[in-house]
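Topology and contacts: notes
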Amino acid sequence: MAEESVASEDYVFRYPLQLEPDSRRGSQDPLLEMLRAQLENILNLVVPTSGEKELKIDGFKLLRDRETIYKIFARQPDEEHAGGEGSQISNRAKDGFQDVKNAALYEPRIEFIKAQQESLLSVIALEKEGKVVGVDGFRLKNLKDWVVPSACDPIEVFGYAGARCDTDCVFCYNKGNPPSLALGVLKRSATEEWEEMLTRLKYFSPTGGFGLFPSLGDTYEVLTHPKIMAVLRQLRRKTPEVFKITTNGRLLTPAKIAELGKLQPLYLYLSLNSASPSRRRKLMRDRKPEVAINALPLLRERAIPYTMVIVPWPLDSIPEMLEDLASTVAYADGHDSHVIQINLPGYSKYFSSEKLYDLEEVWSAIVAKVRELREKIATPIVVMPSMYEENLYEERKNVPKVMGLVKNSPATAAGLMKGDVIVAVNGLTVASRPQARHLLALLQEADNASAQVTVKRKGRSLEFTLNLQNFSYPYSPNVDRHLGIVLMGTGLRLNYLEKLRDIINSYKAKHVLFLSSTLVKPNFEQALVESPLFASGETQIDIEVPRNNFFGGNVFMGDLLVVQDFIDSIKEYLERKGKRPDLVVIPSSPFNLGQWKRDLTGRVYLDIEREVGIPVELLDCATIYD
Ligand code: SF4
């Protein structure tokens, strides 16, 4: 049979329109129909509530007409359309409402549904069997609708256990949250948290790679939750992933550590702050400081690796702070802490309207002390934000210089040393710190038996073979990502410049305003000057650093900038320069919280463009946590 000839025209994919009135629609009045359809859509997603009761809504009437009742559904609402006949809100989460602002950071459609209902209720009243019903809230109906792709980190479940804390640190960041900040801490009962965690656990699917949409969770101490161990045990049955728990150590008794030890793999961020009982008591108002202090040898005994965290706060005087820092670091080193993390202290204007200390003086004194201590102890000490140290001491940025080595790691055993600069990994030349980290991480994941690392040491090139099976505590392949090598922070990925060039080309922009931060700017400037992508000089790129007006105090981190800070900065630049750029580019990291490009106040980045009238593009880049 002859083959059919190839069609010269495409098949027409055609679909019918339904022009007859839908039998489900109760009215020919388009405005009425708009209200009805909106209500139906909303009631497909949420169940209205009043007090502790779920409401079964079947009709509505316009507020201007007290008589006529309109049906919402063509058929009687059934289980699909309501929570049941006047049923009580499930025991799960009946104690209170979730915070819409907090939820909206990750799931702004909830805020949208709320706004839609509020708007509808300004023109209609809801009815049940002919009687008006009062509404004061709504609940999500079918949680399967709210499942999202997820990395399934266990903290997505147990992170909702921390609505309280059993210490009262003088520097507690929670005291400095702006009132309008979406991460305002929810005052919730332990029961409500427990119910939420059980529900999140139900939808948590590490094999499928999804879970319930997240919110910011609770930011205090999760180990204080009365049922935290039960949550962790249930979670362990669902995932083999490491539980990374941040704790102040107040409850790390021998019995608790033994119990935690059964849940391995586990990793603790232990905020010891001071190994001196009297100073820890003063700093954290911990009435039993010896519990946390004595926990370090017990963690070692149970082979639970941990980072020991210190916030050096200039309590009493800077010399006293530094002296205590040195003895606390020595204590952690003596008990095989995996890493020692020094969080440079800061505060917002909501924490204190007065200047509490000179930031430069305190930070530079801490970093100088840390550099001195690194020469004396074996445990790696990282200072956060690490770029502060880099800017202060390293003329060249982004260099893959080894800052520390995890004890008993493959890298330590092979003979790498602090100060070595990595030049190649398994024969591949390395040009920047992020590249070195990336290659080391690939090797760690590859499950190879060995790895080659070439370094420059005092002008000489040396090659080391790392035996990846050669390790013991505190090194752990569950948490170490770079074979035990600790570099000075993440650094700046050079592919950001390619993305920047693509954005600029797509706008054919000749004059670009790039908004950076105090810490990243020197690194970014170096990358820009050295990049062949911008060698022609055709594009003028002005780099500005917005001020953190929203947080105020001594906060100056780029990732804590909000939409209004960017708007203020651009307006101030326009006034100063007297000319307008063709394009504004902003790193995306302040908008990385959810998928919806919102800042910490819940405002979307597009507001910047709307307000300044210049195209604004986000440069896609990862949040720098170190
Ligand atoms: S342990 Fe953390 S949450 Fe608790 S008071 Fe201290 S800083 Fe605040």
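All values derive from a computational prediction rather than experimental measurement.

Digging into the site of the ligand
Looking at the ligand, the residues that line it are Cys-165, Thr-167, Asp-168, Cys-169, Cys-172, Asn-174, Tyr-220, Glu-221, Asn-248, Ser-271 and Met-284. The residue makeup of the shell around the ligand, split by class, is five nonpolar, four polar and two charged.

Comments concerning the environment of Pro-581
Tracing the backbone through its elements, the reader meets Pro-581 in the loop between α17 (563-577) and β23 (583-587). A count of 22 C-beta atoms within 10 Å places Pro-581 in the buried class. The spacing of Pro-581 and Asp-542 is 39 residues in sequence and 9.0 Å in space, taken between C-alpha atoms. Apart from residues lying up to four places away in sequence, Pro-581 is in contact with His-511, Val-512, Leu-513, Asp-542 and Ile-614.

Here's the deal with helix α1 (residues 30-45)
Compared with an ideal rise of 1.5 Å per residue, which puts 16 residues at 22 Å, α1 spans 23 Å between its outermost C-alpha atoms and is within 8% of the ideal. For α1, the set of buried residues is Arg-36, Leu-39 and Leu-43. Within α1, the buried residues cover an arc of 65° as seen down the axis, which keeps them to one side. Those residues of α1 that are exposed and angled more than 90 degrees off the buried face are Pro-30, Leu-31, Met-34 and Asn-41. Buried positions along α1 lie against β1 (46-50), β3 (59-62), β4 (70-71) and α3 (108-120).

A word on the domain arrangement of the chain
When cut into domains, the chain gives domain 1 (14-143), domain 2 (399-490) and domain 3 (495-619). Listed by partner, the interface residues are five residues for domain 1 and five residues for domain 3. Looking at the side of domain 1 that touches domain 3, the element that brings in the most residues is helix α2 (residues 100-106), giving four residues. Of the residues belonging to the side of domain 1 that touches domain 3, the class tally is four nonpolar, no polar and one charged.

The rules behind each value
- Residues numbered from 1 in each chain as written.
- Predicted model: local features only at pLDDT ≥ 70, side-chain atom pairs only at ≥ 80, totals over all residues.
- Near = placed C-beta within 6 Å.
- Nonpolar A, V, L, I, M, F, W, Y, C, P; charged D, E, K, R; others polar.
- Helix = DSSP H or I, 4+ residues; strand = E, 2+ residues; numbered from the N terminus.
- Buried ≥ 20, exposed ≤ 12 C-beta atoms within 10 Å, placed from the backbone.
- Contact = placed C-beta atoms within 7 Å.
- Expected span 1.5 Å × (residues − 1).
- Arc of directions from axis to C-beta.
- Domains from an automatic or database assignment.

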